[in-house]
Structures are given as structure tokens and as C-alpha cells.
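# Remarks on the overall topology
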Amino acid sequence: MSKLVFINLPVSDLDRANAFYEAIGATRNPQFSDHTAACMVISETIHVMLLTHDKFRQFTPKKIADARETTEVLICLSAGSREEVDATVAKAAGAGGRADPGPQQDYGFMYGRSFEDPDGHIWEVMWMDLEAAKAAMCDTANA
């Protein structure tokens, strides 16, 4: 069985966060959602748990970071093409997120951009041509 990844994010407005993640292609799993949390399915193995601050506090004694002021984590998703990278960032910006809070990355064989969700959590979207990356690594190792 594949391992599942559950990314738990504190959100200030659950309805707004729900709408944002649905707009970028996630689907809500009602089995693990209620008025305090929403399970958003990104893929078969990746889920984002959007938790109200009160709910999030049940899992940690630490202060909840304001992701607009501090970076607590950088989350990176793979994409199938450069065009998919651009389309995902465009969807995020159109849904109330902020496009490209960090620099775009373009190394020829690897292309990436990022977006912030409405709570300031940063998501990177990255495409890589694996064969070209392997060739580039071999060239570097043989130099």
C-alpha cells in the first residue's frame, strides 16, 4: 500500500480556504470534514487538512505561526509540464492566492513557480525532465 501524506494547515477562514483549494483542483472529502476541518484531496496519496485555529491547537502546544510573516514550511508538488506549472499558479492567483512570492526557477530541465494560499502558506509547483536532469548530473560528475 502506498503511504499517504496529510499536510495539516491552520486557516483563519475555513470556508475561504475550502473554496481556494477547490478552485485549484482539490476535492473535499466529506468523510474527514466538518465545521472545524476540511480534508482536501490533491491526489490519491496527498491530502491537505485545513484546520481552524482552535482545531489546530488540539494537536500542538506551540504557537501557531502567521504564515504571512514567517515561513513554517515550503510544500512542493510535481507537475507534468511547464504549462501545468503555469496553469496551477494562474488558478491559485485567480482564486485569491498570490502568484510567485519567491523567484521563478528555470534551469532548462527543471522549471518551477510558487503561490501563496489566502493564509500565506507557500506552495511550489515544479516540473522536471528526469532524463535531462540525469544527463546534467552525469556531466557534472564527469567534469
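What you see is a predicted model; the values in this text were computed from it and never measured.

## Here's the deal with the packing of aromatic side chains
For the coordinates displayed, the defined rule picks out four aromatic pairs. Measuring from ring centre to ring centre gives 5.1 Å for Phe20 and Tyr21, while their planes differ by 85°; the resulting arrangement is edge-to-face. Grouping residues by exposure puts Phe20 and Tyr21 together as buried. Residues Phe115 and Trp123 carry aromatic rings whose centres are separated by 6.5 Å and whose planes lie at 10° to one another, so their mutual orientation is stacked. Classification of Phe115 as buried rests on a relative accessible area of 1%. Aromatic ring contacts, followed pair by pair, group Phe20, Tyr21, Phe115 and Trp123 into a single cluster.

## Some remarks on the pattern of salt bridges
The full count for this structure, using the stated rule, is six salt bridges. Asp119 is paired through a salt bridge with Arg16; the nearest N and O atoms lie 3.4 Å apart. One end of the pair, Asp119, is in the loop between strand 8 (110–116) and strand 9 (122–128); the other, Arg16, is in helix 1 (residues 14–23), and 103 residues separate them in sequence. Note that Arg113 is salt-bridged to Asp86, the shortest N-O span being 3.0 Å. Note that Arg113 is positioned in strand 8 and Asp86 in helix 3 (residues 82–94), a separation of 27 residues in sequence. For Arg113, a relative accessible area of 15% corresponds to the buried category. Judged by its relative accessible area of 29%, Asp86 is partly exposed. Here the residues in one salt-bridge network are Asp86, Asp100 and Arg113, joined through shared partners.

Cut-offs applied
Residues numbered from 1 in each chain as written. Predicted model: local features only at pLDDT ≥ 70, side-chain atom pairs only at ≥ 80, totals over all residues. Heavy atoms only, no water. Phe/Tyr/Trp six-rings, centres within 6.5 Å; stacked < 30°, edge-to-face > 60°. Buried < 20%, exposed > 50% of the residue type's maximum accessible area, 1.4 Å probe, protein only. Salt bridge = Lys/Arg side-chain N within 4 Å of Asp/Glu carboxyl O. Helix = DSSP H or I, 4+ residues; strand = E, 2+ residues; numbered from the N terminus.

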